[in-house]
Amino acid sequence: MSNKISTVCVLFGGVSTEHLISGRSAYNIINGLKSAGFKVINVGITKSGKWIRYDGDLEQIRLGDWEDNLVASISHLTSEQGSIGVSVKDFLYMIIGCIPDVIFPAVHGINCEDGTLQGLLELSGIPYVGCGVLASAAGMDKVHAKRVFQAAKIPQCKYLAVQRSDIEKDIEKVVLKIERKIAYPCFLKPNNGGSSVGTQSAKDREGLYLALVEVAKYDRIVLVEEFIPCREIEAAVLGNDRPKVAMLGEVLTAGDIEYYDYKTKYFDPDGAQVCIPANVSPKVSNTISRYAKKAYLALSCAGLSRVDFFIDQRNDRIYLNEINTLPGFTPISLFPKAWDTSGVPLNKLLKSLCELAILEKKSKARLEIL
């Protein structure tokens, strides 16, 4: 396999609650890759799961209108073609029109960064940017990730996982268990999900009843955590076996914002801002960077991830919040901004990610006896 990269396929969209946000990331990634000198081929995954090579206006990807204004050469398998049998690589060739050197998944959320898409890309044999199947699946499953981080002895806040079936069967019992183990205020989120989609906070029993019912709509497992008055610090990690951490960033929300939710992240320009570097002491910065690398390696990540932390405002304790194995690349996203501030502009960052994908593919090579 050659290390030379000339053509990169960018995947975007997806059957995901974060379909719209994917387009914003893809828009910046596509332009960044072009600036780095790569030939870029765009493949959109519609909300219904169709894969389409998209040759239309990039602005439509950013706005989320590309599906409604398709200017694309659509490739698909007929039943006759399917009866012959094709490999995953053949399938991608029929859609893309060539075999790219690297695939860059500019996607987010379920069915996209949870190992599902990564498994398909593994079967294609084409190098792809980001974490593999195991790290992607474990990172998306927040309870599983917490167990991995606990084994790695990384501090985390108190949490409890509750089943949707138990909420439907006896919500009062669930509420009493949460009150006993977590107390108020508490924070609820879908176990599998991202971009703060479906999150809720609860300050009392009435709020908890409502939050449990609402969050359970998004996933069969609801993660309940203690609500910590905190500063939110994020670490952008880059690399494979020897990861590096960029300057840390801090999310600063407006005074009337309770927490950094989906609306604040993407649709409220005045709701929050990211400060890079974060205003923390060298000791705290080193500790968070060390924990970020430890979490990254414990989960077997590769390529990139964003690792999020809390600093408790009451006692300055540091807690690992969660990991995002395919962080956003929107104009406000911390990952590219942190590396840009650290001296790695977007085009160089994207080139590095493509090169890391090639190296990771090579490192996975092993003897197979068929």
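Residues numbered from 1 in each chain as written. Predicted model: local features only at pLDDT ≥ 70, side-chain atom pairs only at ≥ 80, totals over all residues. Heavy atoms only, no water.

Student: Please provide a residue-by-residue account of the overall build of the protein, values included.
Tutor: Per the secondary structure count, the protein includes 13 helices and 15 strands. Looking at the protein residue by residue over its 370 residues, the buried ones come to 51%. Nonlocal contacts in the protein, meaning residues at least 24 apart in sequence, comprise 68% of its contacts between residues at least 6 apart. Surface accessibility of the protein: about 17,300 Å² in total, with carbon and sulfur atoms responsible for 50%. (Helix = DSSP H or I, 4+ residues; strand = E, 2+ residues; numbered from the N terminus. Buried < 20%, exposed > 50% of the residue type's maximum accessible area, 1.4 Å probe, protein only. Contact = heavy atoms within 4.5 Å. Areas by Shrake-Rupley, 256 points an atom, 1.4 Å probe, with all protein chains shown as cover.)

Student: Provide a residue-level description of the environment of Arg-205, including the pertinent values.
Tutor: Note on placement: Arg-205 falls in helix 9 (residues 205–215). Judged by relative accessible area, which is 37%, Arg-205 ranks as partly exposed. Considered as a pair, Arg-205 and Glu-172 are 33 residues apart in the sequence and their alpha carbons are 9.7 Å apart. For Arg-205, the contacting residues outside a window of four places in its chain are Val-175, Leu-176, Glu-179 and Tyr-184.

Student: How would you summarise the packing of aromatic side chains if you had to cite specific residues and measurements?
Tutor: Following the criterion strictly, the structure yields seven aromatic pairs and no others. Aromatic pair Phe-12 and Tyr-54: ring centres 6.3 Å apart, planes at 85 degrees, arrangement edge-to-face. In this pair, Phe-12 is assigned in strand 1 (residues 7–13) and Tyr-54 in strand 3 (residues 51–54), connecting sequence segments 42 residues apart. There is no split in this pair, since Phe-12 and Tyr-54 are both buried. Seen from their ring centres, Phe-187 and Phe-227 are 6.0 Å apart, and the 70 degrees between their planes marks the pair as edge-to-face. One end of the pair, Phe-187, is in strand 7 (residues 186–190); the other, Phe-227, is in the loop between strand 9 (221–226) and strand 10 (230–239), with 40 residues separating them in the sequence. (Phe/Tyr/Trp six-rings, centres within 6.5 Å; stacked < 30°, edge-to-face > 60°.)

Student: Lay out a positive patch on the surface with the relevant residues and their values.
Tutor: On the surface, Lys-169, Lys-173, Lys-177, Arg-180 and Lys-181 cluster together into a positively charged patch. Looking at where Lys-181 falls in the secondary structure, it is placed in helix 8 (residues 164–181). (Patch = residues over 30% accessible without salt bridge, like charges linked within 9 Å, V, L, I, M, F, W, Y side chains within 5 Å. Salt bridge = Lys/Arg side-chain N within 4 Å of Asp/Glu carboxyl O. Lys, Arg positive; Asp, Glu negative; His and termini not counted. Charge placed at Lys NZ, Arg CZ, Asp CG, Glu CD.)

Student: Pulling in residues and values, what's your account of the environment of Tyr-184?
Tutor: Following the sequence through the fold, Tyr-184 ends up in the loop between helix 8 and strand 7. A C-alpha to C-alpha distance of 9.7 Å links Tyr-184 and Glu-225, two positions 41 residues apart in sequence. Other than its neighbours up to four places away in sequence, Tyr-184 contacts Val-175, Glu-179, Ala-202, Lys-203, Asp-204, Arg-205 and Leu-208. Within the structure, the side chain of Tyr-184 is placed 2.6 Å from the side chain of Glu-179, a separation counted as a polar contact. (Polar contact = N/O pair within 3.5 Å; in protein donor to acceptor, adjacent residues only side chain to side chain.)

Student: Explain helix 1 (residues 19–35) residue by residue, including any values.
Tutor: Spanning 17 residues, helix 1 covers 25 Å between terminal C-alpha atoms, matching the ideal 24 Å at 1.5 Å per step. By the burial criterion, the buried members of helix 1 are His-19, Ile-21, Ser-22, Gly-23, Ser-25, Ala-26, Asn-28, Ile-29, Ile-30, Gly-32 and Leu-33. A positive phi of about 95 degrees marks Gly-37, the residue just after helix 1. (Expected span 1.5 Å × (residues − 1).)

Student: Account for the pairing of strand 10, with residues named and values stated.
Tutor: By the criterion of burial, strand 10 is predominantly enclosed, with seven of the 10 residues buried. Where strand 10 meets strand 12 (residues 249–253), three bridges bridge the pair, whose relative direction is antiparallel. From the neighbouring strand, Ile-233 faces strand 12, where its bridge partner is Glu-250. Joining the antiparallel neighbours strand 10 and strand 11 (residues 244–245) is a turn of four residues. (Pairing = 2+ DSSP bridges.)

Student: Could you give me a rundown of unusual backbone geometry, with the residues and numbers involved?
Tutor: Cis geometry is adopted by the peptide bond preceding Pro-185, which originates at Tyr-184 and carries an omega value of -10 degrees. With respect to the helices, strands and loops of the structure, Pro-185 is situated in the loop between helix 8 and strand 7. Going from Ile-276 to Pro-277, the amide bond is cis rather than trans, its omega being 0 degrees. Considering the arrangement of structural elements, one finds Pro-277 in the loop between strand 13 (272–275) and helix 11 (282–298). The backbone phi angle of Asn-111 is positive, close to 70 degrees, even though this residue is not glycine. Here Asn-111 is to be found in the loop between strand 5 (102–105) and helix 5 (116–124). Of note, Lys-153 is a non-glycine position whose phi angle comes to about 60 degrees, a positive value. Considering the arrangement of structural elements, one finds Lys-153 in the loop between helix 7 (142–151) and strand 6 (159–163). Residue Lys-153 is classed as exposed on the basis of its relative accessible area, which comes to 66%.

Student: With reference to specific residues and values, describe the packing of helix 6 (residues 133–140) against helix 7.
Tutor: Where helix 6 meets helix 7, the axes come as close as 5 Å, and the angle between the chain directions of the two elements is 105 degrees. Considering the angle they form, helix 6 stands roughly perpendicular to helix 7. Contact residues: Ala-138, Gly-139 and Met-140 in helix 6; Lys-142, His-144 and Ala-145 in helix 7. (Axes fitted to C-alpha atoms, helices over the stretch in contact; angles between N-to-C directions. Parallel < 35°, antiparallel > 145°, perpendicular 65-115°, else oblique.)

Student: Summarise the packing of helix 4 (residues 88–96) against helix 5; cite the residues concerned and give the values.
Tutor: The interhelical angle for the contact between helix 4 and helix 5, taken along N-to-C directions, is 100 degrees, at an axis separation of 7 Å. By the angle between their axes, helix 4 is roughly perpendicular relative to helix 5. Residues Val-88, Lys-89 and Leu-92 of helix 4 form the contact with helix 5, whose own contacting residues are Leu-120, Leu-123 and Ser-124. When its residues are assigned to classes, the contact of helix 4 with helix 5 shows four nonpolar, one polar and one charged. (Nonpolar A, V, L, I, M, F, W, Y, C, P; charged D, E, K, R; others polar.)

Student: How would you summarise the pattern of salt bridges if you had to cite specific residues and measurements?
Tutor: Taken as a whole, this structure holds 12 salt bridges when the rule is applied. Across the salt bridge formed by Arg-205 and Glu-179, the nearest N and O atoms sit 2.7 Å from each other. With Arg-205 in helix 9 and Glu-179 in helix 8, this pair connects stretches of sequence that are 26 residues apart. Counted as one network, the salt bridges with shared partners bring together Lys-146, Lys-189, Glu-225 and Glu-322.

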